[in-house]
Amino acid sequence: MHLLGLAFGLAAAVPVQAASWEPTKTVEFIVPAGTGGGADQMARLIQGIVTKNKLMKSSMVVVNKGGGAGAEGFLDIKNSKGDAHKIVITLSNLFTTPLATGVPFSWKDMTPVAMLALDEFVLWVNAETPHKSAQDYLGAAKAAGGKLKMGGTGSKQEDQIVTALVEKSAGVKYIYVPYKGGGEVAVQLVGKHVDSTVNNPIEAVAQWRGGKLRPLCVFDGKRLPYKEKIADKAWGDIPTCKESGLDVEYVMLRGIFMPPDVKPEQIAFYVDLMQKVRATPEWKKFMDEGAFNQTFMTGAEFAKWVANEEIRHRLLMQEAGFVAK
């Protein structure tokens, strides 16, 4: 880990203005998930910002490779040794997919570039339900005796981990219904095909703004800092789940990785590119609307964070019984 951190530290130390490398052909931006979800939305926003602002000479194309809970995309990166014309946007399936499926893959098979942000999780219900608080809804879920449905993205992934944590903390049981992406999850809740979801803010904000969904609590240790009104309230007005008596915290990585064995100046190019993206008004608007935690990391600091998150997810997955045997 020390040597790994040293390598990433040296890569991050390359002066951005001195970076001598840039792409010479189309960059393939892989999304290890389906269309419409948070990772897909962020990747397509980045691609649009890069193109609109001419942040690099070569083109960038977004490619969804969500097969096997994202394993398809991650294995593509793993097997593209030294190819600096491929990058991948990661979410927590970076940890959960190999643990749940046994696919021979680890984050160490890729090169960390940058943490772009941390994504929040919110407990959502249909706006037509009478539930105004998490306590109220959880009471109804307990009374239902395990008959209510919780919708989420994927099986044995982040959403189901959060659901398992809710079940343990509140003493309730749900029928978990997996979907391909967060966009579909929000639509299913609007259609009342499930009773609640633990979707990311960006995946359900349009339906909240349209008066179709209602947020009950945020799975973070403190309230979100966003004060601008979105629908009937601002993101910052939503209580934390802990405030609501639900002792559960969970945030998710939104980061960029490259294949193994890429060069320091190639890593430096993408660090610089992402910093330019983050400076645009389009990115700032996206962060505000999606209520992201805007933490940014590169180099050894990012590698250390990822290593710690792998350990945490292994413990969470083991406790929930989601680890492949």
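Please refer to the structure placed before this passage.
Parameters and conventions
- Residues numbered from 1 in each chain as written.
- Predicted model: local features only at pLDDT ≥ 70, side-chain atom pairs only at ≥ 80, totals over all residues.
- Heavy atoms only, no water.
- Axes fitted to C-alpha atoms, helices over the stretch in contact; angles between N-to-C directions.
- Helix = DSSP H or I, 4+ residues; strand = E, 2+ residues; numbered from the N terminus.
- Parallel < 35°, antiparallel > 145°, perpendicular 65-115°, else oblique.
- Left-handed = near helix turned anticlockwise from the far one by under 90°.
- Contact = heavy atoms within 4.5 Å.
- Core = buried A, V, L, I, M, F, W, Y, C linked by side-chain atoms within 4.5 Å.
- Buried < 20%, exposed > 50% of the residue type's maximum accessible area, 1.4 Å probe, protein only.
- Nonpolar A, V, L, I, M, F, W, Y, C, P; charged D, E, K, R; others polar.
- Pairing = 2+ DSSP bridges.
- Right-handed = clockwise from strand over helix to strand, strands pointing away.
- Salt bridge = Lys/Arg side-chain N within 4 Å of Asp/Glu carboxyl O.

Asks: Quick question: what am I supposed to make of the packing of helix H6 (residues 158-170) against helix H11 (residues 299-320) here?
Replies: Packed helices, taken two at a time, are described by the angle between their axes plus the distance between the axes. Look at H6 against H11: their axes get within 10 Å of each other, and the N-to-C directions meet at 60 degrees. As summarised for this structure, H6 and H11 are arranged oblique, according to the angle between their axes. Regarding H6 and H11, the two cross each other, and that crossing is left-handed. Here Ile-161, Ala-164, Leu-165 and Lys-168 of H6 lie close against H11, whose contacting residues are His-313, Leu-316, Met-317, Glu-319 and Ala-320.

Asks: Can you help me understand the nonpolar core in this one?
Replies: Ranked by size, the top nonpolar core spans 89 residues in total, and within it Phe-219 and Trp-235 carry the most contacts. Apart from residues no more than four positions distant in its own chain, Trp-235 is found in contact with Val-122, Trp-124, Pro-201, Val-205, Trp-208, Leu-224, Tyr-226, Glu-228, Ile-230, Asp-288, Glu-289 and Ala-291. Membership of the second largest hydrophobic core comes to 19 residues, among which are Val-88, Phe-95, Trp-107 and Leu-253.

Asks: Just checking my understanding: could you explain the packing of helix H2 (residues 38-52) against helix H10 (residues 281-289) for this structure?
Replies: Contact geometry for H2 and H10: axes closest at 10 Å, N-to-C directions at 160 degrees. With respect to H10, the element H2 is oriented roughly antiparallel. In the packing of H2 onto H10, the handedness of the crossing is right-handed. For the pair H2 and H10, the contacting residues are Gln-41, Met-42, Leu-45, Ile-46, Ile-49 and Lys-52 in the first and Glu-282, Trp-283, Phe-286 and Met-287 in the second. Here the contact of H2 with H10 is built from residues that sort into 7 nonpolar, 1 polar and 2 charged.

Asks: Any chance you could explain the pairing of strand E6 (residues 149-153) here in plain terms?
Replies: Walk down a regular strand and you will see the side chains alternate between the two sheet faces. The buried fraction of E6 is high, at 4 of 5 residues. With 5 bridges connecting them, E6 and strand E7 (residues 175-179) associate as parallel partners. For Gly-151, the partnering residue across the bridge sits in E7 and is Val-177. A crossover connection joins E6 to the parallel E7 through H6; in handedness this β-α-β unit is right-handed. As judged from the 2 bridges shared by E6 and strand E8 (residues 196-197), these two strands associate in the parallel manner. Residue pairing in the sheet places Met-150 in a bridge with Ser-196 of E8.

Asks: How do you make sense of the environment of Leu-315 when you look at a structure like this?
Replies: Relative to the helices and strands, Leu-315 is located in helix H11. Look at Leu-315 and you get exposed, because its relative accessible area is 53%.

Asks: Honestly, the pattern of salt bridges in this entry has me stumped. Any pointers?
Replies: Should the charged atoms of two oppositely charged side chains come close, the side chains can pair. All chains considered together, the criterion is met by 18 salt bridges. Note that Lys-168 is salt-bridged to Glu-319, the shortest N-O span being 2.0 Å. Here Lys-168, found in helix H6, pairs with Glu-319, found in helix H11; they are 151 residues apart in sequence, far enough to count as distant. By relative accessible area, Lys-168 is classed as exposed at 61%. We note a salt bridge from Lys-276 to Asp-272, for which the minimum N-O separation is 3.3 Å. On the criterion of helical spacing, the pair formed by Lys-276 and Asp-272 is a turn pair, its members being 4 residues apart in helix H9 (residues 264-278).

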